[in-house]
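Here's the letter readout for the chains.
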Amino acid sequence: MTALSPQLKQATPVLAERGEGVHLYGADGRRYLDFTAGIGVTSTGHCHPRVVAAAQRQVATLIHGQYTTVMHRPLLELTDRLGEFLPPTLDSVFYLNSGSEAVEAAVRLARHATGRQNIVAFHGGFHGRTMGAGALTTSANKFRAGIGPMMPGVALAPFPTAFRYGWPQEQTVDFALNELDYLLATATAPDDTAAFIVEPVLGEGGYVPADERFLRGLRERADRIGALLILDEVQTGVGRTGRFWGHQHFVPQGPLADILITAKGLASGFPLSAIAASRDLMAQARPGSQGGTYGGNAVACAAALATLEVVAQEKLVENAAEQGDRLIAGLRAVAERNKAIGDVRGLGLMCASEFVDAAGKPDPATAARAQQEASARGLLLLTCGATGNVVRMIPPLVVDAGQIDEGLALWEESVEAAVATGA
Ligand code: PMP
């Protein structure tokens, strides 16, 4: 009998039979509160009726068109609608299937447009598992170990992770920008540097929000040296942080990005990603460099169109902001009562608790136990961070106050149980 790869390790023991809103229903007959949302993918909740209806209609009409062969309406309509949410300077879009592929497309575009090779990425960033996106990824060595050589032409600079350094925020931002200047004076000369790629909130790297001065500093330096700024909004986009795009917390008036990458929440679970840039910039991609058999699949585009409608009509961005405030306040209260949690961070419905030992060092064992205790209580969570010592909460954007409170109550019990079993 064929088996799944033994390498595949599930974070929870759940065999999901069905999903509805913020809940998953397991083959064990149990109902789970899903605060993973499939790593932030099921933005409108599991099986939102309008997304389901749109996808069903599209399946019966045209499943696959293939954009380098024929055009189809869902892709054109989605492009129009997405334009209403994108910064006005980014008026050209190209579709792929996954976040990693969109990162690859952004790198190709940056190299074509600038004629330069090097991409500056930031410590703790996650941009995907393909050989190009993987080379930009430093959120944990498990994503890189043993598979090199990676794509060359990558230089790494610090991200302002104040808690990890143990410094005040201002000092950490000064340090990060100074190190970037040093990098540009040493490892990657300005006229070899094609782009900077950064997440508005470090995702897999431990849920660390960026900083206004840091992002503005990147923009200024990109302008000064003629490089591009790529914002990876794969995890932060489509309302997750309580603004439609994560970067809008820091630079609401833009323009900030030259290339913006979106995926995950965009199509409520259908595989779809996109890069957005100005038409002038997008036109500098060389012919044949943008494409993919399944990119911009008609069913995925129809689901994305329905997702954007649901996000607007049900005011899910506003809900993410409101419920996110409730969630983070609750997480802070739990942290105050439990010394095992050294920091609580996040924006909107992208929140996390970082576990530390008595010496303030990362404590992945207690984090893992808390995550497992939560699963056993019917609350699904994921860890992240270099050592896995951060437990994140990313419920679907449709979550309500009662469900947040229920999740927080289960969380507190789980943390207490995790600490007690470790003692
Ligand atoms: N960028 C970011 C910020 C991500 O969080 C992820 C996925 N965790 C990716 C890129 C890669 O996306 P995918 O898994 O769809 O290839």
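Residues numbered from 1 in each chain as written. Predicted model: local features only at pLDDT ≥ 70, side-chain atom pairs only at ≥ 80, totals over all residues.

1. So, the overall build of the chain
Of the regular secondary structure elements, the chain holds 13 helices and 17 strands. Expressed along its principal axes, the backbone C-alpha trace of the chain runs to roughly 60 × 55 × 50 Å. Burial statistics for the chain: of 423 residues in total, 54% are counted as buried. Partitioning the intrachain contacts of the chain with sequence separation of at least 6 by distance along the chain shows that 74% fall at a separation of at least 24. (Helix = DSSP H or I, 4+ residues; strand = E, 2+ residues; numbered from the N terminus. Buried ≥ 20, exposed ≤ 12 C-beta atoms within 10 Å, placed from the backbone. Contact = placed C-beta atoms within 7 Å.)

2. Quick notes on the sheet that holds strand β6 (residues 154–157)
Strand order across the open sheet formed by 7 strands is β4-β12-β11-β10-β7-β5-β6, with mixed pairing between neighbours. Bordering the open sheet on either side are β4 (92–96) and β6, each of which pairs with just one other strand. Taken pair by pair, the neighbouring strands of this sheet meet at an average axis angle of 20 degrees, ignoring direction. Sheet analysis places strand β7 (residues 193–198) next to strand β10 (residues 228–232), joined by 4 bridges and oriented parallel. Across the sheet, the residue bridging to I197 is I230, located in β10. (Pairing = 2+ DSSP bridges. Axes fitted to C-alpha atoms, helices over the stretch in contact; angles between N-to-C directions.)

3. Observations concerning helix α12 (residues 364–376)
Along an α-helix, a turn takes 3.6 residues, which lines up residues three or four apart on a common side. The end-to-end C-alpha distance of α12, which contains 13 residues, comes to 18 Å, matching closely the 18 Å that a straight helix rising 1.5 Å per residue would cover. Structurally, α12 contributes buried residues whose contacts are with β14 (350–355), β15 (379–380), β16 (382–384), β17 (390–393) and α13 (401–422). Two residues or fewer after α12 comes G378, characterised by a positive phi angle close to 90 degrees. (Expected span 1.5 Å × (residues − 1).)

4. Things to note about the domain arrangement of the chain
Here the chain is described as being made up of domain 1 (16–34 + 315–422) and domain 2 (51–313). Taken together, the contact pairs 21 residues of domain 1 with 23 residues of domain 2. The element that contributes the greatest number of residues to the side of domain 1 that touches domain 2 is helix α11 (residues 316–337), accounting for 5 residues. (Domains from an automatic or database assignment.)

5. Let's talk about the packing of helix α3 (residues 73–83) against helix α10 (residues 298–313)
Helix-helix packing: each pair is described by the crossing angle between the helix axes and the interaxial distance. Across the interface, α3 lies against α10 with an axial gap of 8 Å and an inter-helix angle of 30 degrees. When the interaxial angle is binned, α3 and α10 end up roughly parallel. The two elements α3 and α10 cross, and the hand of that crossing is left-handed. Contacts between α3 and α10 pair P74, L75, E77, L78, R81 and L82 from the former with A298, C301, A302, A304, L305 and L308 from the latter. Here the contact of α3 with α10 is composed, by residue class, of 10 nonpolar, no polar and 2 charged. (Parallel < 35°, antiparallel > 145°, perpendicular 65-115°, else oblique. Left-handed = near helix turned anticlockwise from the far one by under 90°. Nonpolar A, V, L, I, M, F, W, Y, C, P; charged D, E, K, R; others polar.)

6. Section: the site of the ligand
Taken together, 15 residues lie around the ligand, and S98, G99, S100, V234 and Q235 are the ones closest in. The biggest single contributor to the shell around the ligand is helix α4 (residues 99–114), with 3 residues. Grouping the amino acids of the shell around the ligand by side-chain chemistry returns 5 nonpolar, 7 polar and 3 charged. (Near = placed C-beta within 6 Å.)

7. As for the sheet that holds strand β1 (residues 16–20)
Spatial ordering of the open sheet is given by β1-β2-β3-β15, a layout of 4 strands whose pairing is mixed. Each of the sheet's edge strands pairs with one partner strand only, and the pair in question is β1 and β15.

8. Here we look at the environment of F175
If you trace the backbone, F175 turns up in helix α7 (residues 169–185). For F175, a count of 15 C-beta atoms within 10 Å puts it in the partly exposed group. As for F175 and P160, which are separated by 15 residues in sequence, their C-alpha atoms are 7.8 Å apart.

9. Things to note about the nonpolar core
One finds A106, A110, I230, I259, I261, I275 and A303 to be the most contacted residues of the largest nonpolar core, which totals 129 residues. Ranked by residue count, the leading element in this core is α10, at 12 residues. Split by domain, the residues of this core number at least three in each of domain 1 (16–34 + 315–422) and domain 2 (51–313). When sequence neighbours within four positions are dropped, the list of residues in contact with I275 reads F94, A102, A105, A106, L109, I259 and I261. (Core = buried A, V, L, I, M, F, W, Y, C linked by C-beta atoms within 7 Å.)

10. Brief notes about the confidence of the model for the chain
For the chain, mean pLDDT is 97; residues scoring 70 or higher make up 100% of the total. Scored by ipTM, the complex comes to 0.99, with pTM at 0.98. (pLDDT = per-residue confidence, 0-100.)

11. Remarks on the pairing of β14
Burial runs high along β14: 6 of the 6 residues are buried. The side-chain alternation of β14 yields two buried faces, one formed by M350, A352 and E354 and the other by C351, S353 and F355. Note that strand β13 (residues 341–347) and β14 share 6 bridges and pair antiparallel. When the bridges of β14 are listed, G346 appears paired with C351.

12. As for α7
Look at α7: 24 Å from first C-alpha to last across 17 residues, which is about the 24 Å you get at 1.5 Å a residue. Among the residues of α7, T172, V173, A176, L177, L180 and L184 are the ones counted as buried. Looking down the long axis of α7, one finds its buried residues gathered within 130 degrees of arc, a one-sided arrangement. The outward face of α7, more than 90 degrees from its buried face, is lined by the exposed residues E170, Q171, D181, Y182 and A185. Looking at the buried residues of α7, the elements they touch are β6, α6 (162–165), β7 and α8 (212–225). (Arc of directions from axis to C-beta.)

13. Points about the environment of I119
For I119, the position within the fold is in strand β5 (residues 118–122). Once the C-alpha coordinates of I119 and A194 are considered, the two residues, 75 residues apart in sequence, prove to be 5.7 Å apart. Ignoring anything within four residues of it in the chain, the contact list for I119 reads V107, A110, L136, G153, V154, A194, A195 and I197.

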